[in-house]
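Observations on the model geometry
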Amino acid sequence: MRVRQSLPALVGAVAMVLGMSTASAAAPSAAATPCGYYATSSDSYYNHCTSDGSRIVIEVEVSGWNDERCVGPGITWLGSKSEVSDAWYVGRTC
């Protein structure tokens, strides 16, 4: 009788562990696309993390001079990493 009672618990525990590992593997890493400016080995991006749909003005440092751009929610490609070295929110919407 004990085997019958513990078998469902064992199956449930295994299913829970497998479900948790599958869920964590499917979820994208927060470090993969951080909010604000980030760069890969070849490209520069700005990730405007918002849930309100706002568009903001960012200042982009492009080869020694700065340029203002309006970006919407999500990830915006800014250019190649060799040309764009930084970007930041300037405090206003567009």
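So, a few notes on the structure that sits alongside this text.

Rules used throughout
- Residues numbered from 1 in each chain as written.
- Predicted model: local features only at pLDDT ≥ 70, side-chain atom pairs only at ≥ 80, totals over all residues.
- Heavy atoms only, no water.
- Phe/Tyr/Trp six-rings, centres within 6.5 Å; stacked < 30°, edge-to-face > 60°.
- Buried < 20%, exposed > 50% of the residue type's maximum accessible area, 1.4 Å probe, protein only.
- Helix = DSSP H or I, 4+ residues; strand = E, 2+ residues; numbered from the N terminus.
- Pairing = 2+ DSSP bridges.
- Axes fitted to C-alpha atoms, helices over the stretch in contact; angles between N-to-C directions.
- Core = buried A, V, L, I, M, F, W, Y, C linked by side-chain atoms within 4.5 Å.
- Contact = heavy atoms within 4.5 Å.

For the rest of this paragraph, the subject is the packing of aromatic side chains. Under the definition given, this model contains one aromatic pair. Each ring, one from Tyr38 and one from Tyr45, has its centre 5.4 Å from the other, and the planes form 20°; the classification is stacked. A residue is classified by how much of its surface remains accessible, and Tyr38, at 12% relative accessible area, is buried.

In terms of burial, strand 3 (residues 56-62) is largely enclosed, as six of its seven residues are buried. Pairing between strand 3 and strand 4 (residues 65-71): seven bridges, direction antiparallel. Across the sheet, residue Glu61 finds its bridge partner in strand 4, namely Asn66. Linkage of strand 3 to strand 4, two consecutive antiparallel strands, is achieved through a turn of two residues, within which Ser63 is found at a positive phi near 45°. One ladder, built from six bridges, connects strand 3 with strand 6 (residues 84-93); its direction is antiparallel. Among the inter-strand pairings, Val62 is bridged to a residue of strand 6, identified as Val84.

Next up on the list: the sheet that holds strand 6. What the three strands build is an open sheet, ordered 4-3-6; its pairing is antiparallel. Edge positions in the open sheet fall to strand 4 and strand 6, since each of these has one partner strand only. This sheet shows a mean twist of 25° between the axes of neighbouring strands, independent of strand direction.

This part covers the nonpolar core. Tyr46, Ile56, Ile58, Val60, Val62, Val71, Leu78, Val84 and Ala87 form the largest nonpolar core, which has nine residues in total. Among the elements of the structure, strand 3 and strand 6 are those that each provide at least two residues to this core. With four residues, the single largest contributor to this core is strand 3. Setting aside residues up to four positions removed in sequence, Leu78 forms contacts with Tyr37, Ser44, Tyr45, Tyr46, Ile58, Val60, Arg69, Val84 and Ala87.

Here three strands make up an open sheet; going across it, the order is 1-2-5 and the pairing antiparallel. In the strand order of this sheet, the two ends are held by strand 1 (36-39) and strand 5 (74-80), each with one partner. Mean inter-strand twist for the sheet, computed between neighbouring axes without regard to direction, equals 25°. Looking at chain direction, strand 1 and strand 2 (residues 43-48) are connected through four bridges and run antiparallel. If you follow Ala39 over to strand 2, its bridge partner there is Ser44.

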